[in-house]
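Working through the structure, step by step
These are the residues of each chain, in order.
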Amino acid sequence: MSGRVAVVTGGAGGIGTEISKRLASEGYRVVVTCAPVFECPNLDEWKRLRKEEGFDIRVYDCDVTDFTSCKNAMELIEKEVGPVDVLVNCAGITRDAQLKNMTEQNWNDVIDTNLTSAFNVTKQVFVGMLDRGYGRIVNISSINGRKGQFGQANYSAAKAGIHGFTMAIAQEGVRKGVTVNSVSPGYIGTEMVKKIPEEALKKIVAQIPVGRLGRPDEIARVIAFLVHEDAGFITGANIDVNGGQFIH
Ligand code: NDP
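A brief report on the enclosed structure follows. Please read all numbers here as calculations on a predicted model, not as lab measurements.

Thresholds, definitions, all that
Residues numbered from 1 in each chain as written. Predicted model: local features only at pLDDT ≥ 70, side-chain atom pairs only at ≥ 80, totals over all residues. Heavy atoms only, no water. Near = heavy atom within 4 Å. Polar contact = N/O pair within 3.5 Å; in protein donor to acceptor, adjacent residues only side chain to side chain. Areas by Shrake-Rupley, 256 points an atom, 1.4 Å probe, with all protein chains shown as cover. Helix = DSSP H or I, 4+ residues; strand = E, 2+ residues; numbered from the N terminus. Salt bridge = Lys/Arg side-chain N within 4 Å of Asp/Glu carboxyl O. Buried < 20%, exposed > 50% of the residue type's maximum accessible area, 1.4 Å probe, protein only. Pairing = 2+ DSSP bridges. Axes fitted to C-alpha atoms, helices over the stretch in contact; angles between N-to-C directions. Contact = heavy atoms within 4.5 Å. Parallel < 35°, antiparallel > 145°, perpendicular 65-115°, else oblique. Left-handed = near helix turned anticlockwise from the far one by under 90°. Nonpolar A, V, L, I, M, F, W, Y, C, P; charged D, E, K, R; others polar.

**Considerations on the site of the ligand**
- For the ligand, the set of nearby residues contains 31 residues, the closest of which are G14, I15, Y155, I188 and T190.
- The backbone of I188 places a nitrogen or oxygen atom 2.7 Å from an oxygen atom of the ligand.
- Relative to its unbound accessible surface of 900 Å², the ligand loses 90% to contact with the protein.
- For the shell around the ligand, the elements supplying multiple residues, two or more each, are helix 1 (14-25), helix 4 (104-132), helix 6 (153-173) and helix 7 (191-194).

Here it is as structure tokens:
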């Protein structure tokens, strides 16, 4: 593979880690971004594990909710590692509550981290991609941005917004070799999903035709497919990876 630079936001998270490892094993120079404000509590351990596994993955601070932080981080990455040809917008959070209980802070935090983040980060690298005539962007959405979810008005709105963002900038990149797609995972067994109460999670799994939660590596392989140099005819698309939840 080409040694192209691939940036994965939230790349030390459950799904992000598998994406980072997969891209690194395919020969990309992978850069993971991590939010300093969240203190990345397990980051040293994360770095140690990746090293032990033989991965050379760099980590940069970047708060995806903060435009200036994203600008500074992407400038530093381009200076120290090289032009960013692949971007995976993976950072995300949940702050679940029924609308009647949802606070303004719950709403704003989720919109900022799951939607505005995609603008904040993509904006920094998109022009460079257009100028060089090559780019691959994948935005991580969610099944709940496709169908809505009780208790997730904020998250569903943000993730649905990702589809509009993806389709719009796909049109801006289409003549310049820049593809932009989204992946909508169903329920994947990461910390984010482990926060769901056990009884609720049992009900969720019962609704997944495959009969289990997805694995982060099952998302990573779709990302690797979409960012491949040979995937230039796929743009503005969404791939659902949800264990058959739309078979009804
Ligand atoms: P994790 O919580 O494991 O990972 C999320 C990552 O986002 C973390 O690395 C976190 O960094 C980072 N992040 C959060 N806030 C910020 C911020 N302000 N700036 C920079 N980074 C930030 O979640 P998952 O791996 O499960 O989720 C990854 C993506 O997949 C998310 O977008 C999520 O919405 C989506 N998704 C997940 C599903 C699932 O079932 N797990 C289903 C559908 C979609 P830090 O560790 O520093 O907080």
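**Observations concerning the pattern of salt bridges**
- Under the defined criterion, the tally for this structure stands at 16 salt bridges.
- Here D240 and R146 are joined by a salt bridge, their closest N and O atoms 2.7 Å apart. Of the two residues, D240 is situated in strand 7 (residues 238-241) and R146 in helix 5 (residues 144-147); the sequence distance between them amounts to 94 residues.
- In this structure D240 comes out as partly exposed when scored by relative accessible area, which is 29%.
- R212 is the salt-bridge partner of E218, the closest N and O atoms lying 2.8 Å from each other.

**Overview of the sheet that holds strand 5 (residues 135-140)**
- Reading across from one edge, 3-2-1-4-5-6-7 is the order of the 7 strands in this open sheet, with parallel pairing throughout. Where the open sheet ends on each side, the last strands, each with one partner, are strand 3 (58-61) and strand 7. Adjacent strand axes in the sheet meet at a mean angle of 20° when their direction is disregarded.
- Its contacts with the sheet place helix 1 against strand 1 (5-9), strand 2 (29-34), strand 4 (84-89) and strand 5, and it is angled at close to 175° to strand 1.
- With respect to the sheet, helix 9 (residues 216-227) is in contact with strand 4, strand 5, strand 6 (178-185) and strand 7, its orientation differing from that of strand 6 by roughly 165°.

**Quick word on the packing of helix 1 against helix 9**
- Axis separation between helix 1 and helix 9 bottoms out at 8 Å; the angle between their running directions is 50°. The orientation of helix 1 with respect to helix 9, classified from their angle, is oblique. Along this stretch, helix 1 crosses helix 9, giving a crossing that reads as right-handed. Taken together, the residues of helix 9 that come into contact with helix 1 (itself represented by G14, I15, E18, I19, R22 and L23) are P216, D217, I219, A220, R221, I223, A224 and V227.
- Residue classes in the contact of helix 1 with helix 9 are distributed as 9 nonpolar, 1 polar and 4 charged.

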